[in-house]
Amino acid sequence: MTWTSFRLLLAGVAALALAGCGFTPLYAVQGVTPGLSAIDVHGPHGRTAYLLAQDLDSVFARDRSEPPVYQLSFTVAERRYPRGLRIDNVATLYETHVTVSYQLIEIATGRLVKSGVEPIQVVYDVADQPYAGIAAQQNSQERAAQEAAERIRTDLAIYFTTLAQKK
């Protein structure tokens, strides 16, 4: 048996096992995808906030042909800590802490339906060349924004899943 055949067989067995235990993918639940696509994202100014708003728009797949049902507002707090100091007291490593606080508001009623806080930590190396250091810092902001967007999407998908199951 080749490795490819073995992997296909293993994937088939796993799919049968999951189907037998009642596993349902998160997006298979009615109400999750329409709920996420009806969210209008509003964020503050700043590079990380802008990147996060772009990532959230992407993961929610906002349906622009319909008016939004929900508004997601968020704040971003970002702190950078030097780590790995050299003998000359210059950091070789930075740890970035990004904290995103969000609120999901139902537009029609103005009611807060979900809120949360997502703490993200990202580490990056600092190069001696100035541009490389800036590029590394910007890359850490991109990674933090992507991670925060995925966590918020997961939180809201769980919210919409439980909402759909209650109906």
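Here, the structure is the one placed above.
Reference entry: report on the structure contained in this document. Remember, it's a predicted structure, so these values are computed and weren't measured experimentally.

The next thing to look at is the pairing of strand β2 (residues 70-85). By the bridge criterion, four bridges tie strand β1 (residues 39-42) to β2 in an arrangement that is parallel. Looking at the pairing, Val41 lines up with Leu72 of β2. Here β2 pairs with strand β3 (residues 91-106) via 15 bridges, running antiparallel. Its bridge partner being in β3, Pro82 is matched across the sheet by Tyr94. The hairpin turn running from β2 into β3, its antiparallel successor, is five residues long, and Asn89 in that turn takes a positive phi close to 65 degrees.

Glancing now at the sheet that holds strand β4 (residues 111-125). The pairing of strands in a sheet comes from backbone hydrogen bonds and takes either a parallel or an antiparallel form. The four strands lie next to each other as β1-β2-β3-β4, forming an open sheet whose pairing is mixed. Strands with a single pairing partner mark the edges of an open sheet, and in this sheet they are β1 and β4. Pairs of neighbouring strands in the sheet enclose a mean axial angle of 25 degrees, with direction left out of account. Strands in contact with helix α3 (residues 47-60) are β1, β2 and β3; relative to β2, the strand with the most contacts, it is inclined by about 130 degrees.

Where β3 and β4 come together, 14 bridges link them in antiparallel fashion. When the bridges of β4 are listed, Ser101 appears paired with Val117. Where β3 hands over to β4, the hairpin turn is made up of four residues, of which Gly110 adopts a positive phi near 75 degrees.

For the structure on display, the rule yields three aromatic pairs. Consider the rings of Tyr159 and Phe160, whose centres lie 5.2 Å apart with planes at 65 degrees: the pair is edge-to-face. Residues Tyr159 and Phe160 agree in their burial class; the two are buried. An aromatic cluster is built from Tyr70, Tyr159 and Phe160, whose rings are joined through pairwise contacts. Arg80 extends its terminal NZ or CZ atom over the ring of Tyr94, reaching a point 4.1 Å from the ring centre.

The end-to-end C-alpha distance of α3, which contains 14 residues, comes to 20 Å, matching closely the 20 Å that a straight helix rising 1.5 Å per residue would cover. One or two steps after α3, the chain reaches Ala61, where phi turns positive at roughly 50 degrees.

Cut-offs and rules
- Residues numbered from 1 in each chain as written.
- Predicted model: local features only at pLDDT ≥ 70, side-chain atom pairs only at ≥ 80, totals over all residues.
- Heavy atoms only, no water.
- Pairing = 2+ DSSP bridges.
- Helix = DSSP H or I, 4+ residues; strand = E, 2+ residues; numbered from the N terminus.
- Axes fitted to C-alpha atoms, helices over the stretch in contact; angles between N-to-C directions.
- Contact = heavy atoms within 4.5 Å.
- Phe/Tyr/Trp six-rings, centres within 6.5 Å; stacked < 30°, edge-to-face > 60°.
- Buried < 20%, exposed > 50% of the residue type's maximum accessible area, 1.4 Å probe, protein only.
- Lys NZ or Arg CZ within 6 Å of the ring centre and 35° of its normal.
- Expected span 1.5 Å × (residues − 1).

Just distances and angles here, no functional claims.
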